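# Survey of secondary and tertiary structure
Chain residues, written in single-letter form:
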Amino acid sequence: MAAAFHFELCDLPRDEARALRSKVRNFLNDVSAGWTIADRARSWTAFDRDFSRQVGRHGWIGMTWPANYGGHERSALERYVVLEEMLAAGAPVAAHWIADRQSGPLILRVGTDEQKREFLPRIARGELAFCIGLSEPDSGSDLASLRSKATRISGGWRLDGAKIWTTNAHQSDFMIGLFRTAPASETARHIGLSQFLIDLKSSGIEIRPIADLTGESHFNEVRFDAVFVPDSMMVGREGDGWAQVNAELAFERSGPDRYLSAYPLVPPMLDAIGKTGFEAQAARDVGRLVARLATLRAMSISVAGMLQAGATPLQEAALIKDLGVDLEQDTPRLVEDLVGLPPAFDDPGGLAAATAYVTQVAPTFSLRGGTREIMRGLTARGLGLR
Ligand SMILES: Cc1cc2nc3c(=O)[nH]c(=O)nc-3n(C[C@H](O)[C@H](O)[C@H](O)COP(=O)(O)OP(=O)(O)OC[C@H]3O[C@@H](n4cnc5c(N)ncnc54)[C@H](O)[C@@H]3O)c2cc1C
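These numbers were taken from a predicted model, which means no experiment stands behind them.

### Thoughts on the UniProt feature "domain: Acyl-CoA oxidase/dehydrogenase middle" (unreviewed entry) in the chain
In the UniProt entry, the feature "domain: Acyl-CoA oxidase/dehydrogenase middle" (unreviewed entry) is given for residues 131-227. The distance from the first to the last C-alpha atom of residues 131-227 is 17 Å, and the span holds 0% helix and 47% strand.

### So, helix H4 (residues 76-89)
Since the α-helix turns once every 3.6 residues, residues separated by three or four places project in the same direction. Here H4 spans 20 Å end to end across 14 residues, near enough to the 20 Å set by a 1.5 Å rise per residue. With 13 of its 14 residues buried, H4 lies for the most part within the structure. Two residues or fewer after H4 comes Gly-90, characterised by a positive phi angle close to 70 degrees.

### Here we look at the domain arrangement of the chain
By the assigned domains, the chain splits into domain 1 (14-129), domain 2 (132-239) and domain 3 (244-383). One C-alpha centre belongs to domain 1, the other to domain 3; they are set 21 Å apart. Listed per partner, the contact involves 24 residues of domain 1 and 28 residues of domain 3. Of the roughly 2,400 Å² buried between domain 1 and domain 3, counting both surfaces, carbon and sulfur atoms make up 64%. On the domain 1 side of the interface with domain 3, the three residues burying the most area are Ile-37, Trp-44 and Tyr-80, jointly 26% of the side's total. Linking domain 1 to domain 3 there are two salt bridges. Across the pair Asp-257 and Arg-101 runs a salt bridge, and its minimum N-O distance is 2.7 Å. Counting the contacts that link domain 1 with domain 3 gives 10 residue pairs in polar contact (both at pLDDT 80 or more).

### Describing the site of the ligand
In the vicinity of the ligand lie 15 residues, with Ser-135, Ser-141, Trp-165, Thr-371 and Glu-373 positioned nearest. For the ligand, an oxygen atom lies 2.7 Å from a polar atom in the backbone of Ser-135. Here a nitrogen atom of the ligand and a backbone polar atom of Trp-165 are 2.8 Å apart. In the complex, 62% of the free accessible area of the ligand, which totals 970 Å², lies under the protein chains. Across the shell around the ligand, the residue classes break down as six nonpolar, seven polar and two charged.

### What about the UniProt feature "domain: Acyl-CoA dehydrogenase/oxidase N-terminal" (unreviewed entry) in the chain?
The UniProt record annotates "domain: Acyl-CoA dehydrogenase/oxidase N-terminal" (unreviewed entry) at residues 15-127. Helix makes up 66% of residues 15-127 and strand 0%, and the two end C-alpha atoms of the span are 30 Å apart.

### Focus on the packing of aromatic side chains
If you walk through the whole model with that rule in mind, you get 10 aromatic pairs. Between the aromatic rings of Phe-119 and Phe-174, the centroid separation amounts to 5.0 Å while the plane-to-plane angle is 80 degrees, which identifies the pairing as edge-to-face. Here the residue Phe-119 occupies a position in helix H6 (residues 113-124), and Phe-174 occupies one in strand E4 (residues 174-180), the gap between them amounting to 55 residues. Here Phe-119 matches Phe-174 in class, with each residue buried. Over the face of the ring belonging to Tyr-357 we find Arg-42, whose NZ or CZ atom lies 3.8 Å from the ring centre. Sitting above the plane of the Phe-179 ring, Lys-163 keeps its charged end 5.1 Å from the centroid.

### Some details on unusual backbone geometry
A positive phi angle, near 55 degrees, is found at Glu-73, a position not held by glycine. Position of Glu-73 among the secondary structure elements: in the loop between helix H3 (49-57) and H4. With phi around 65 degrees, Trp-165 is a residue other than glycine that occupies positive phi space. Here Trp-165 is to be found in the loop between strand E3 (156-164) and E4. The exposure class of Trp-165 is partly exposed, given its relative accessible area of 46%.

### Remarks on the environment of Leu-106
Note that Leu-106 resides in helix H5 (residues 94-110). Put simply, Leu-106 and Val-227 are 121 residues apart on the chain and 22 Å apart in space, counted from C-alpha to C-alpha. Ignoring sequence-local partners within four residues, the contact set of Leu-106 consists of Gly-111, Ile-176, Gln-195, Val-235, Gln-244 and Glu-248.

### Here we look at the pairing of strand E2 (residues 149-153)
Examined bridge by bridge, E2 and E3 share five bridges and lie antiparallel to one another. Bridge pairing in E3 links Ile-153 to Gly-156. Joining the antiparallel neighbours E2 and E3 is a turn of two residues, in which Gly-155 adopts a positive phi near 80 degrees.

Procedures and definitions
Residues numbered from 1 in each chain as written. Predicted model: local features only at pLDDT ≥ 70, side-chain atom pairs only at ≥ 80, totals over all residues. Heavy atoms only, no water. UniProt positions renumbered as here; feature names shortened; annotations may be inferred. Helix = DSSP H or I, 4+ residues; strand = E, 2+ residues; numbered from the N terminus. Expected span 1.5 Å × (residues − 1). Buried < 20%, exposed > 50% of the residue type's maximum accessible area, 1.4 Å probe, protein only. Domains from an automatic or database assignment. Contact = heavy atoms within 4.5 Å. Buried area = accessible area lost by both parts, 1.4 Å probe. Salt bridge = Lys/Arg side-chain N within 4 Å of Asp/Glu carboxyl O. Polar contact = N/O pair within 3.5 Å; in protein donor to acceptor, adjacent residues only side chain to side chain. Near = heavy atom within 4 Å. Areas by Shrake-Rupley, 256 points an atom, 1.4 Å probe, with all protein chains shown as cover. Nonpolar A, V, L, I, M, F, W, Y, C, P; charged D, E, K, R; others polar. Phe/Tyr/Trp six-rings, centres within 6.5 Å; stacked < 30°, edge-to-face > 60°. Lys NZ or Arg CZ within 6 Å of the ring centre and 35° of its normal. Pairing = 2+ DSSP bridges.

Here you go:
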C-alpha cells in the first residue's frame, strides 16, 4: 500500500504575516460595525461589490499575480493570511472569491496574453465577478458525461446546453464554462472538452435562480441557446479542458473556505459558554474543536505552500475538504449542545438565528466542490486502495 500524502509543516512568513494580519484586522474592524452573527455566517456566499472593490483597493485580490497584470506579487502564504482573516470575521467576500481563487489563477496559467490583460487587472480591482460552469442537470460527480456542446462556427463557437447549481451566476459578469468541443469515445470520455470565458450578458443565455433550503437563491440553472463566443474567449487549448479543470480543483478544495464556513458561530458560542461557566464536558468538546481547527489549518497552510511551489496537490486538497466539511457540519450541533440554544429564527441577527441558518445550509457543504464520497474515493486512491 503506497502512502502518498504529503503535508509538510510550513510556517506563515512571520514578520510579513503579522504586519499584514494587523492591517486586514484593522480594515475589518472599521467596516464590520453593523454585521450581525447571521450576516457573518453567510460570508463567502454574501455578495457585496462595494466591499470587494475596497478589498481590491487594499491589494488583497490577485495577491500572488504579476504586477503587469494588476497583481501584487505576494506569496500564497501571505494570501492565506488575508483569506483566513476575511472568513474568520465573516466578511461578505462572494463578489470576488471565485475569481480570486479559481478563475483568475486559471487565466494566468493557461490564458492568452490578451485575456490576462483584459481580465486580471479588473478582477484584482474587485470589479469583475465570475462563476464556475461545470455541473449539468445530468452530470455532477461524473463530470465527463456532460452534454453541453460548443460547435465551431465562423469566428468562434456556438454554445448550447445547460449548467446547474451555478453559484452566483445571477450576479456575476462572466462564467468559465466547460463544454464538449469534440465527441467522446467509449474508452476516453475526458477528451474533447474545452473551457470558455462567457460574458453572461450574451444573447441566448437565460439564468434561472434556484432557491435552497433557506429560501435564498445563491445558485442557478443557466441555459445556453445558440450563444456566440469568439475564438479569443477559449481558455487554454482546445480539448485540454479536463486537465485544466482538474488542476483548478486543488485551489477550490484546500483553502480556509473548506473548514471555516461555520466559524462565525464559534466566538459567540465561546462567549455564551464563558458566561455560564465551563463544565468538564464543554471544556473537552471545545478542546476537541480547537484541535480540529488547528490541524486543518496546518494542513491547509501546507497545501498553500505546495501551490506556491507550483505543485497540484489534488489528493491532499480532497482530504482537507472531507475533514473540513465534517467540522463545519458539526459546529451548529455543538452550539446547540454546549450553549443549550436550539436553532431558531425568532432572534434575527443573534446566535440562534445564525445557527439555524448554518443548520439549513450545512448539508450543502459536503456537496459543493465535489461530494464527500468523491473526496473519499480520491483519498482511497492516494492510499493506493483503488
Ligand atoms: C451550494 C452548492 C453550490 C454549488 N456551486 C456550483 C458551481 O458554482 N458550479 C458548478 O458547476 N457546480 C456547483 N455545484 C454542484 C456540485 O459540484 C455538485 O452538486 C456535485 O458535484 C455533485 O453532483 P450532483 O449534484 O449531480 O450529484 P451526483 O453526482 O448525482 O451524486 C449523487 C450522490 O451519489 C454519490 N456518488 C456519485 N458518484 C459516486 C461514485 N463514483 N462513488 C460513490 N458515490 C458517488 C454522490 O456522492 C452523491 O451522494 C454546487 C452545489 C452546491 C450544493
